[in-house]
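Residue-level listing of the chains:
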Amino acid sequence: MNNKTVEHLNVGESGTISTIKAPKAIKRRLMDMGFTKGISVNVVKRAPMGDPIEVSLRGYNLCIRKEQAQDLLLKEN
Amino acid sequence: MATICLVGNPNCGKSTLFNKVTNTIAHVGNWAGVTVEEKAGDWDGNKTLDLPGIYSLSPYSPEETLSRRFILDSEPDLIIDVIDATNLERSLYLTTQLVELGRPMILALNMQDLLRKEGIKIDQKQLSKMFNIPVVNISASKGTGIEELKIAVDKILSDKVIPSCPIFAPPLEKVITELIEDDFMHHAPQAYPRRWCAIKLLEKDELFLTRMPQIPEKLQAHLAQETKNLEKIFDDDIDAIVIDQRYHIAEDITRICEVKASPVKKFTIDTIVTNKFLAIPIFVLVMGLVFYLSISLVGGLTTPLIEQSIASSSSFLHIFLDSFGVLPFLSDMLIDGIISGVGAVLTFLPQLFVLFALLSILEDCGYMSRIAFIMDRAMRALGLSGKSIIPLVIGTGCSVPAIMSTRTIEHPKMRKLTILVTPFIPCGAKLPIFSLIIASFFPTAWYLAPMMYFIGIIAITVTGIISQLTDRHKESNAFILELPRYQVPTWRNTWLQTWDRTRGFVVKAGTTILLASIIIWFFSNFNVRLQSVSDPTESMLALLGRFIAPIFRPLGFGSWQASVALLTGIAAKESIVSTLSVALQGASVTTLFTKASGFAFIMFILLSSPCIAALSAMASEYKDRKVFWGALAYQMTLAYVSTFIVYRILLGVL
């Protein structure tokens with residue numbers, strides 16, 4: 001079982017979403033923003049205090065907190 | 001008359017389009033959540049509604065709930081789905097939901113100007129075929145394509161073509177078809193299309209289920225069984241399955257209709273602006289620059305000029321009116337009441353104009369979301385979120401729009417706290433009294449004006465820490481915010497917004513403050529027997545002021561003039577200076593305060609209750625009387641206690 005999440009990605013790295021392990025409402029919100037299975041997410045930057053994290057997906061940028069990044073599980077390469 | 005709804009993602013340009021086609025001014029900005037309330041305007045005889053931006057029809061925050069309710073229940077004759085064409089795939093996700101509502105629709109592909117720049121081509125005809133709806137290319141900011149859009153609107157309002165819905169994967173589609181046929185669907189509101197209801201039933205959408213009677217046991221069991229099956233087939237929960245299917249459709253359509261040049265990694269402003277080390281210094285610098293440019297530079301240049309011209313025109317008017325034998329009563333009222341009262345406020349017009357313009361540019365360019373991004377971690381320590389910083393920045397202009405902008409904060413507890421602390425940031429209307437006191441008592445202390453903001457920040461910090469200490473049910477919250485592309489603010493938007501806000505200030509000077517000045521002048525020149533008094537201390541105003549004054553004596557400003565000024569400050573903070581200047585009848589403020597009590601006076605104004613407009617905004621956002629009065633009591637207590645302490649310390653030091 002691979003436990004790598006978006007939080008583990010270094011700045012500049014990309015990963016492919018496999019599952020989202022978040023409470024129902026947050027999961028829905030994340031999916032509405034485009035985090036669905038098989039989509040590629042790139043970590044653009046971390047905020048000055050290390051959190052939140054700026055990511056890009058589907059051609060646009062958004063920021064999420066570390067906690068949400070930990071909810072986004074990645075596929076093995 | 002037809003009703004048209006403008007719907008789309010945040011930041012797609014709905015409000016810009018709305019401002020272009022109607023005669024109404026909607027607030028525009030480049031961050032998610034600028035429009036928090038629906039705004040109605042007239043577009044060639046059609047009622048047009050600008051709705052808050054949404055990513056999906058599953059609502060999270062109050063303003064999204066509002067949009068959804070409007071789209072569903074106002075039964076619009078036409079939905080214009082405004083799409084940021086540079087962000088086609090995500091925009092189409094919302095489109096897949098809108099087409100299910102069974103209303104005539106138009107897709108407005110906005111930001112055509114940027115599209116060319118980014119080397120993207122969209123096959124308009126193909127896209128139109130996919131959903132069976134007209135597609136129009138527009139650029140709301142440049143004003144192109146608006147005529148074509150109007151032609152399409154007129155055509156579809158007469159044709160009333162209903163869009164076709166995209167088809168999901170067979171197992172899911174089969175369940176939906178069965179549900180559509182179910183007898184239970186007869187209970188659904190007439191305006192809701194069956195297919196949409198079936199999907200919502202499957203998703204157990206709470207807002208939808210409240211509109212429906214109890215689900216019969218048999219159907220309940222059937223739903224549970226089908227849901228279980230689907231979840232097994234797709235290996236995910238039912239909500240996720242539907243979202244996944246919608247995004248698949250959006251991806252497919254994008255693949256067919258869009259040709260994109262491979263993205264080049266470009267240097268963006270963010271490399272510097274959200275840089276690990278530079279981000280926070282830059283934020284402080286930007287805010288400092290905003291205040292320096294407006295208050296120090298423009299204010300410093302214009303204030304003495306305007307004061308001089310008011311003084312010389314007053315004395316000229318005096319001679320002029322006397323020579324015509326105008327009753328001294330009237331000329332005194334005009335000059336000492338109206339001109340000195342309203343004039344004291346108008347002096348600040350140029351610097352507020354610049355402040356409003358700069359804030360509008362900040363909102364428009366896309367920097368606001370970056371501030372939220374870099375400040376989120378720090379704000380979280382106070383029980384707030386990155387999104388709380390936006391109301392605080394807007395609050396430097398006016399607390400009313402600031403309090404309303406808290407609606408983008410999804411979490412109720414955070415929203416309440418943000419509303420509570422927003423008035424601690426001194427708004428533009430509090431600047432006149434600050435400058436008056438600072439200029440009179442501390443003319444060389446340049447650091448005092450910035451310090452007022454700093455005191456506000458300390459009050460927010462203290463409040464945040466108290467709330468964190470007393471909060472027994474701490475929960476982790478999500479923070480999900482789009483970082484839109486930077487854009488150059490358009491002259492039109494900046495001008496419209498600055499003008500709209502400045503006009504509000506001028507209108508207030510001409511109405512509330514004018515009236516207040518006359519009343520104050522009257523009460524300070526007459527006693528209870530309506531006899532004119534030469535000594536203002538015998539006036540009715542003094543009587544009233546003396547009645548309240550004991551409350552403020554411990555804080556150092558127990559004079560009747562100061563008390564009355566605070567009282568009129570409830571109506572509008574600008575009128576504090578007007579009241580003082582009318583009540584003092586030409587005497588200097590230095591006769592009223594000492595250094596210590598003068599500072600205590602402005603500190604109390606800074607932290608105590610905001611004006612009536614902001615109070616009513618607070619009340620309507622809280623929606624709960626008890627919470628509102630609690631918040632007000634907290635603000636007053638904090639103001640009183642901290643001013644008392646600071647005054648006592650200053651007495652010893654100064």
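Residues numbered from 1 in each chain as written. Chains lettered and ligands numbered in written order. Predicted model: local features only at pLDDT ≥ 70, side-chain atom pairs only at ≥ 80, totals over all residues.

What to know about the overall build of chain B
The test is simple: A run of H or I in DSSP counts as a helix once it spans at least four residues, and a run of E counts as a strand once it spans at least two, with each numbered from the N terminus. Placing a C-beta atom from the backbone of each residue, one calls two residues in contact when those atoms lie within 7 Å.
The secondary structure content of chain B amounts to 29 helices and 9 strands. By principal-axis analysis of the C-alpha atoms, chain B measures approximately 90 × 55 × 55 Å. Long-range pairs, those at least 24 residues apart, make up 72% of the contacts in chain B with a sequence separation of at least 6.

What to know about the sheet that holds strand 4 (residues 78-84) of chain B
Residues and elements named next belong to chain B. Under the convention used in this document: Paired strands, as defined in this entry, are two strands with at least two bridges between them according to DSSP. An axis is simply a line fitted to the C-alpha atoms; with a helix, the fit covers only the stretch in contact. Between two such axes, the angle follows the N-to-C directions and lies from 0 to 180 degrees.
As summarised here, the arrangement of the 6 strands in space is 2-3-1-4-5-7, forming an open sheet in which the pairing is mixed. The open sheet has two free edges, formed respectively by strand 2 (39-43) and strand 7 (135-137), since each of these has just one partner strand. Direction aside, neighbouring strands of the sheet carry axes that sit 25° apart on average. Pairing of strand 1 (residues 3-8) with strand 4 involves 5 bridges; the strand directions are parallel. Opposite I4, over in strand 4, you have L78 as the bridge partner. Sheet strands touched by helix 3 (residues 88-98): strand 1, strand 4 and strand 5 (105-110). Its angle to strand 4, the strand with the most contacts, is close to 165°.

As for helix 6 (residues 146-159) of chain B
All names here are of chain B. Note the threshold: Helix span, expected: 1.5 Å multiplied by one less than the number of residues in the helix. The exposure scheme places C-beta atoms from the backbone and then counts, for each residue, the other C-beta atoms within 10 Å of its own, assigning buried at 20 or more, exposed at 12 or fewer, and partly exposed in between. Here the arc refers to the directions that run from the helix axis out to each C-beta atom.
Given a rise of 1.5 Å per residue, 14 residues ought to cover 20 Å, and the 20 Å separating the end C-alpha atoms of helix 6 matches this to within 8%. For helix 6, the complete set of buried residues consists of L149, A152 and V153. Projected onto a plane normal to the axis of helix 6, the buried residues spread over an arc of 105° and lie on a single side. In this structure, helix 6 carries E147, I151, K155, S158 and D159 as exposed residues pointing more than 90 degrees from its buried face. Packing partners of the buried residues in helix 6 comprise strand 1, strand 4, strand 5 and strand 7. Once helix 6 ends, the next one or two residues include K160, with phi positive near 55°.

Let's talk about unusual backbone geometry
Cis geometry marks the peptide bond from D51 of chain A to P52 of chain A; its omega dihedral reads -5°. By the secondary structure assignment, P52 of chain A is in the loop between strand 2 (40-46) and strand 3 (53-57). One non-glycine residue, N11 of chain B, lies in positive phi territory at about 70°. Considering the arrangement of structural elements, one finds N11 of chain B in the loop between strand 1 and helix 1 (14-21). A positive phi angle is found at K160 of chain B, which is not glycine, with a value near 55°. The topology assignment puts K160 of chain B in the loop between helix 6 and helix 7 (170-181). The class for K160 of chain B is exposed, based on 10 C-beta atoms found within 10 Å.

Some points on the sheet that holds strand 5 (residues 72-74) of chain A
Spatial strand order, 5(A)-1(A)-2(A)-3(A)-4(A)-9(B): 6 strands in an open sheet with antiparallel pairing. The open sheet has two edge strands with one neighbour each: strand 5 of chain A together with strand 9 (480-482) of chain B. The average angle at which neighbouring strand axes cross in this sheet is 45°, direction not considered. Two strands pair when backbone bridges link them, and strand 1 (residues 14-20) of chain A and strand 2 of chain A are joined in this way by 3 bridges, in the antiparallel orientation. If you follow S14 of chain A over to strand 2 of chain A, its bridge partner there is N42 of chain A. Here helix 16 (residues 367-380) of chain B sits on the sheet in contact with strand 3 and strand 4 (60-64) of chain A together with strand 9 of chain B, set at roughly 150° to strand 9 of chain B.

Details of the domain arrangement of chain B
For the record, the criterion: A domain assignment, automatic or from a database, supplies the domain bounds used here.
Splitting chain B by domain gives domain 1 (3-159), domain 2 (170-235) and domain 3 (280-471 + 500-653). A straight line from the C-alpha centre of domain 2 of chain B to that of domain 3 of chain B covers 55 Å.

Notes on the pairing of strand 3 (residues 46-50) of chain B
Residues and elements named next belong to chain B. Direction of pairing for strand 1 relative to strand 3: parallel, over a ladder of 4 bridges. Residue pairing in the sheet places C5 in a bridge with L49 of strand 3. In this antiparallel pair of consecutive strands, strand 2 and strand 3, the connection spans 2 residues, and D44 shows a positive phi of 45°.

Points about the interface of chain B and chain A
How big an interface is tends to be expressed through the accessible area that disappears when the partners come together. Note the following rule: Lys, Arg, Asp and Glu make up the charged group, whereas Ala, Val, Leu, Ile, Met, Phe, Trp, Tyr, Cys and Pro make up the nonpolar group; the residues left over, Gly among them, are polar.
Each side of the interface is counted separately: chain B has 28 residues, and chain A has 27 residues. Secondary structure elements with two or more residues in the side of chain B that touches chain A: helix 3, helix 11 (238-257), helix 13 (279-323), helix 16 and strand 9 of chain B. Looking at the side of chain B that touches chain A residue by residue, the class counts come to 15 nonpolar, 5 polar and 8 charged. With 3 bridges connecting them, strand 4 of chain A and strand 9 of chain B associate as antiparallel partners. In the strand pairing of strand 9 of chain B, I64 of chain A is matched with I480 of chain B.

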